[in-house]
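# Geometric and topological summary
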Amino acid sequence: MKRTLIFLLFAATAVSAHEKINLDRGWEFAFGNASSPALDFGCGTEYFTYLTKAGSIHNSGPYSPSFKADGWQVVDLPHDWVVDLPFSPEASHSHGYKTVGYKYPETSVGWYRKTFVIPAEDEGKHIWVRFDGIFRDARIWINGFYLGHEPSGYATQIYDLSEYLNYGGENLFTVRADASVEEGWFYEGAGIDRHVWLEKAS
């Protein structure tokens, strides 16, 4: 009986030590451009790109904390930007004749940004983010640091944030999604079309 009580106490402590926070509200969104880096907010054109020197003060794209997202639309997740696009008989029937895909570079790339605060007392915890799905070809940054890339629009992405966070201050997520290529033979949409979770553990 004593061992059972100790186990239950340990299990309850372990559960309470894990925190899961929904990050669906208050993202900023804007279209990029699949055919022109200059029109894609200069993505990758800086002296130090996000791949060669992540988080560089010389970077000025949407992944940079100094970037001004003037005129960006505020959206909540899940978000599908294709829903609001016009129809065209020349567009892919698989995408419901919506103007997305390689023929429409100006509406096939979407950028997302979200700022959030991490309390100072969280320093020392294990903190990670979970994207349940991003359609598609997604690149993820935190505070200007490149976290990773997932080409599929149907795969969950999990990234450890612990070493990149500003504890006691603001932090910035940036996501670039490129829906130029289809994966299925049905309407797929585009964007961060699933939930996003910030998770913490002791």
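Along each chain, the written sequence defines residue order, and numbers are assigned to residues from 1. Since the coordinates come from a predicted model, pLDDT governs what is reported: local features require at least 70, and pairs of side-chain atoms require 80 or more to be given and counted, while whole-chain, interface and lining totals use all residues. To get the side-chain values, all heavy atoms of the structure are used, and hydrogens and water are removed first.

Turning our attention to the overall build of the chain. Only DSSP runs of H or I reaching four residues or more are called helices, and only runs of E reaching two or more are called strands; each is numbered from the N terminus. A count of helices and strands for the chain gives 1 helix and 10 strands. Counting from the amino terminus, helix and strand elements in the chain follow one another as α-β-β-β-β-β-β-β-β-β-β. Along the first, second and third principal axes, the C-alpha set of the chain runs to 70 × 40 × 25 Å. Under the scheme applied here, a residue whose accessible area is under 20% of the maximum for its type counts as buried, over 50% as exposed, and between as partly exposed, the area being computed with a 1.4 Å probe on protein chains only. Buried positions account for 49% of the 202 residues belonging to the chain. Here, Shrake-Rupley sampling with a 1.4 Å probe gives the accessible areas, and only protein chains in the shown set may cover a residue. Surface accessibility of the chain: about 10700 Å² in total, with carbon and sulfur atoms responsible for 57%. One finds the centroid of the 17 positive side-chain charges in the chain at a distance of 6 Å from the centroid of its 26 negative side-chain charges. This count recognises Lys and Arg as positive and Asp and Glu as negative, with His and chain-terminal groups excluded. A charged residue contributes its charge at one atom only: NZ of Lys, CZ of Arg, CG of Asp or CD of Glu.

In this section: the confidence of the model for the chain. Looking at the chain, pLDDT values average 91 and 92% of them are 70 or higher. This model gives residues 5–15 a pLDDT under 50, and the stretch forms 0 contacts once residues within four places in sequence are excluded. Every residue gets a pLDDT, meaning the predictor's confidence in that residue, from 0 to 100. Contacts were defined at the residue level, with two residues in contact if any of their heavy atoms lie within 4.5 Å.

All right, on to the pairing of strand β9 (residues 169–178) then. Counted residue by residue, β9 has 9 buried out of 10 residues, so it is predominantly covered. Relative to β9, strand β4 (residues 109–118) is paired through 10 bridges, and the arrangement is antiparallel. When the sheet's bridge partners are listed, arginine 113 is paired in β9 with threonine 174. A strand pair is defined by DSSP finding two or more bridges across the two strands. Here 4 bridges tie strand β6 (residues 138–142) to β9, and the two strands are oriented antiparallel to one another. Bridging from a neighbouring strand, isoleucine 140 pairs with valine 175 of β9.

The criterion for an aromatic pair is that two Phe, Tyr or Trp rings (for Trp, the six-membered ring) have centres within 6.5 Å, with stacked assigned to planes under 30 degrees apart, edge-to-face to planes over 60 apart and tilted to the rest. Applying the stated criterion to the full structure yields 18 aromatic pairs. With a centroid separation of 5.3 Å and an interplanar angle of 40 degrees, the aromatic rings of phenylalanine 41 and tryptophan 72 are classed as tilted. Separated by 31 residues along the polypeptide, phenylalanine 41 in the loop between β2 (27–31) and β3 (73–75) and tryptophan 72 in the loop between β2 and β3 bring together distant segments of the chain. By the ring-pair criterion, three or more aromatic residues cluster together here, those being Phe41, Tyr63, Phe67, Trp72, Trp111, Trp141 and Tyr146. A cation over an aromatic ring shows up here: lysine 20 above the ring of tryptophan 197, its NZ or CZ 4.6 Å from the ring centre. A positively charged side chain is recorded as over a ring if its NZ (Lys) or CZ (Arg) lies within 6 Å of the ring centre. The angle to the ring normal must also be within 35 degrees. Positioned over the ring face of phenylalanine 87 is lysine 98, at 4.3 Å from the centre of the ring.

With that settled, the discussion passes to the sheet that holds β3. Read across the sheet, 6 strands follow the order β3-β2-β4-β9-β6-β7 without closing on themselves; strand pairing throughout is antiparallel. Strands with a single pairing partner mark the edges of an open sheet, and in this sheet they are β3 and β7 (145–150). The average angle at which neighbouring strand axes cross in this sheet is 25 degrees, direction not considered. A fitted line through C-alpha atoms serves as each axis, taken over the contacting stretch for helices, and the angle formed by two N-to-C directions is quoted from 0 to 180°.

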